[in-house]
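# Close look at the chain arrangement
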Amino acid sequence: MVDMANPTSLRYSTHSHYHPRSAVHRRDYFGFTDCTPPEPFKPKLAFNPPPKKAFPPPPQKKAAKPPLTQSFKPPPKPSSPRPNRDPATLLSRRSVLARLSNRAQSSRPIPKLPEPLRHPIRSFQATANSSLPNHYLPNHLHRMSSITNTKAVVLDHLVDGEVSTRHFRLENKPISDIKDGQVLVQIVAFSHEPAQRQWIDANTDERRLYTTLIKPGETVRAPIVGRVIASKLPKYPVGTTLAGFHGWAEYAVLNEGEIFAAVPPTADGKVDLHALDVFGLAGNTAYVASAKYGKIEPGSTVVVSGAAGAIGSLLVQLAKKVYGAGRVVGIAGGKAKCDWVKTLGADECVDYKSPDWEEQLRAAVPDYADVYFDNVGGPMLDVMLQLVRPNGTIVVVGAISTYNGEALKLANWPQVIYNRLTIRGFINLDHPELITKGQAEFAKWIAEGKIDVSDIQTVVQDKIEDVPKTWLRLFDGSGKGKIISQIAA
Ligand SMILES: NC(=O)c1ccc[n+]([C@@H]2O[C@H](COP(=O)([O-])OP(=O)(O)OC[C@H]3O[C@@H](n4cnc5c(N)ncnc54)[C@H](OP(=O)(O)O)[C@@H]3O)[C@@H](O)[C@H]2O)c1
């Protein structure tokens, strides 16, 4: 059972749990307002050092011989003792992590930690300058002096029309030393968001955007999960896995405002990537759309486009299994996706890639829909304007079919007038108060078996340079649920 008074106790599966964090300010999500921008990358110029001048060697001083009667003095001790080099006495990575996270499960007593490893931040400092080889150290204690720069995918130029990999390029960016209130993370995974396409669009009027455009040369922003490898933020010590907002890079310095929450590992010790879907932006958006704007009465008829996508797959389940809709119709691209959408609870799913999709859709909603959750815009929205009942509601969640420059043509627009439709757009960030509430509700619904998250991700093992290619899969329909690039274990 879930202790609602204590959200940190929430469990969304029998194996793992999630710590929802308090409300996040809207610009923390997208705006990097608190972020100290990294120094612009300056490529090193090819440089031939001048030949060294040959100086005559300094005259050798003859060492005075000690008198034979002088007593032997041991050499002075180094001021800071070096950590024990004997691998047998070093702790395994697992036991250190267990101790650090207070989650020691084993009945075997954990040996007392040697002093330099006991406090995560101090231990990092203690080991940072040692000559201990990296492979003797737990991963999260590796010497950080080597992380002075990171590979990052930056925007090459703003996009006018269809986006492709040529709009991005790989760069080496310097990593600055962390200051008080910052952490250095090794990024483990990114979630791919259609909204990123809007942040790089040449035709966007920035004054009408809820965030700033990404400028050429800037790292492409994205939600992340990452592992803290150096910390001056006691709340998130070394070893913590956290969800936050940064961009397509291997390492990043994060301010507290860019961190959403700590993410406990799964039962088998892996990074829990659900922090990027049901407990990330997708879950938050699906929750705001359904709890705030497209209120679903028991027995009502609901249509969801993009039904096999990250948000759509949650909306279908919410409509049918949480709010008790009488009939749920999904719209998705291809038979395989439609079959999957039905397993999520849809009574019917229309494959919009089939030639007669429009007739199929009309047949699937014979008595009109009470609520239409629109994730795609385009011809599907145009047909749905005729299929939402008088005084019904269209919740405009997204319009992915238009993001690559296709014009949105609405022949049926006057239906809004004749049938007194409510068309409601929103941005999830408008409701920070619903972030933790939604996470708590999802945790409860997952525990109750109402929301199934076992198959809502397409995780691609990527190199950082391949991340744009995976992100582009948002627009070719080759991903199911939330598409995630994982670049580290
Ligand atoms: N309002 C907000 O605050 C907010 C927040 C987050 C996201 N959004 C928006 O919500 C929508 C859904 O987001 P998401 O993260 O769940 O993305 P998503 O639905 O997972 O996006 C990928 C899917 O979109 C479909 N798609 C791509 N191009 C299409 C096209 N031209 N026509 C029709 N379908 C197309 C594809 O599915 P098929 O194979 O089925 O075609 C693809 O797999 C997006 O438009 C996004 O921008 C809004």
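Coordinates for the structure precede this section.
Structural notes, computed from the coordinates.

So, how was this worked out
- Residues numbered from 1 in each chain as written.
- Predicted model: local features only at pLDDT ≥ 70, side-chain atom pairs only at ≥ 80, totals over all residues.
- Near = placed C-beta within 6 Å.
- Helix = DSSP H or I, 4+ residues; strand = E, 2+ residues; numbered from the N terminus.
- Nonpolar A, V, L, I, M, F, W, Y, C, P; charged D, E, K, R; others polar.
- Domains from an automatic or database assignment.
- Expected span 1.5 Å × (residues − 1).
- Buried ≥ 20, exposed ≤ 12 C-beta atoms within 10 Å, placed from the backbone.
- Contact = placed C-beta atoms within 7 Å.
- Axes fitted to C-alpha atoms, helices over the stretch in contact; angles between N-to-C directions.
- Parallel < 35°, antiparallel > 145°, perpendicular 65-115°, else oblique.
- Pairing = 2+ DSSP bridges.
- Right-handed = clockwise from strand over helix to strand, strands pointing away.
- Core = buried A, V, L, I, M, F, W, Y, C linked by C-beta atoms within 7 Å.

### Observations regarding the site of the ligand
The environment of the ligand is formed by 30 residues, the closest being G309, I311, G333, G398 and G477. Of all elements in the fold, only α6 (281–293), α7 (310–322) and α13 (467–476) reach the threshold of two or more residues within the shell around the ligand. Class assignment for the residues of the shell around the ligand results in 16 nonpolar, twelve polar and two charged. There are two domains that each give the shell around the ligand at least three residues, and those are domain 1 (12–34 + 91–277 + 456–489) and domain 2 (282–433).

### With respect to α7
Taking 1.5 Å per residue as the helical rise, α7 with its 13 residues ought to reach 18 Å, and the 17 Å between its terminal C-alpha atoms agrees with that figure. Here α7 lies mainly inside the structure; twelve of its 13 residues are buried. Along α7, the residues classified as buried are A310, I311, G312, S313, L314, L315, V316, Q317, L318, A319, K320 and V322.

### Some remarks on helix α12 (residues 433–447)
If you check α12, its first and last C-alpha atoms are 22 Å apart, about what 15 residues at 1.5 Å a residue would give, namely 21 Å. All buried positions along α12 are accounted for by I435, G438, Q439, E441, F442, A443, W445 and I446. Packed against the buried residues of α12 are α6 and α7. After α12 finishes, the residue G449 shows a positive phi value of roughly 85 degrees.

### Details of the environment of N172
Counting through the fold element by element, N172 comes out in strand β2 (residues 168–174). Given 11 C-beta atoms within a 10 Å radius, N172 is considered exposed. N172 sits 21 residues away from K151 along the chain, and the two C-alpha atoms are 4.6 Å apart.

### Some thoughts on the packing of α6 against α12
Orientation of α6 relative to α12, taken along the N-to-C sense of each, is 95 degrees, at an axis distance of 9 Å. Put simply, α6 runs roughly perpendicular to α12. Residue-level inspection shows G283, N284, Y287, V288, A291 and K292 of α6 in contact with α12, the latter providing L434, I435, G438, Q439, E441 and F442. Among the residues making up the contact of α6 with α12, the classes are represented as six nonpolar, four polar and two charged.

### Considerations on unusual backbone geometry
Within the chain, N391 stands out as a residue other than glycine whose phi angle is a positive 65 degrees. At R420, a position not held by glycine, the phi torsion is positive, near 50 degrees. Relative to the elements of secondary structure, R420 occurs in the loop between α11 (415–418) and β13 (422–425).

### Considering the sheet that holds strand β9 (residues 327–332)
The six strands lie next to each other as β10-β9-β8-β11-β12-β13, forming an open sheet whose pairing is parallel. The sheet terminates laterally at β10 (348–351) and β13, the two strands that pair on one side only. On average, each strand axis in the sheet is inclined to that of its neighbour by 15 degrees, with strand direction left out of account. Where β9 lies against β10, four bridges are found, and the strand directions are parallel. Each residue of the ladder has a partner; that of A332, found in β10, is D351.

### Considering the pairing of strand β11 (residues 369–374)
Taken across its six residues, β11 has six buried, putting it largely inside the fold. Relative to β11, strand β8 (residues 301–305) runs parallel, the two sharing three bridges. Residue pairing in the sheet places V304 in a bridge with F373 of β11. Bridge analysis of β11 against strand β12 (residues 388–396) gives five bridges, and the strand direction is parallel. Bridge pairing in β12 places A369 opposite V388. Handedness of the crossover is the feature at issue here: the chain leaves β11, passes through helix α10 (residues 378–387), returns alongside β12, and the resulting connection is right-handed.

### Observations concerning the nonpolar core
Of all hydrophobic cores here, the largest spans 115 residues; its most connected members are V185, A189, V225, L315, A319 and V341. Tallying contributions element by element places α7 first for this core, with eight residues. Each of two domains, domain 1 (12–34 + 91–277 + 456–489) and domain 2 (282–433), supplies a minimum of three residues to this core. Not counting residues up to four positions away in its chain, the partners in contact with A189 are I224, V225, V271, L273, L276, I484, S485, Q486 and I487.

### Focus on the environment of D351
Counting through the fold element by element, D351 comes out in strand β10. According to the C-beta neighbour criterion, D351 is buried, with 20 such atoms within 10 Å. Along the backbone, D351 and D339 are twelve residues apart, and their C-alpha atoms lie at a distance of 9.7 Å. Discounting chain neighbours no more than four positions away, the residues touching D351 are A332, G333, G334, K335, C338 and W357.

### Here's the deal with the environment of G479
Structurally, G479 can be placed in the loop between α13 and β15 (482–486). For G479, a count of 22 C-beta atoms within 10 Å corresponds to the buried category. Remark: the alpha-carbon pair of G479 and G309, spanning 170 residues in sequence, is separated by 8.0 Å. Not counting the four nearest positions on each side in its chain, G479 is found in contact with T458, R473 and L474.

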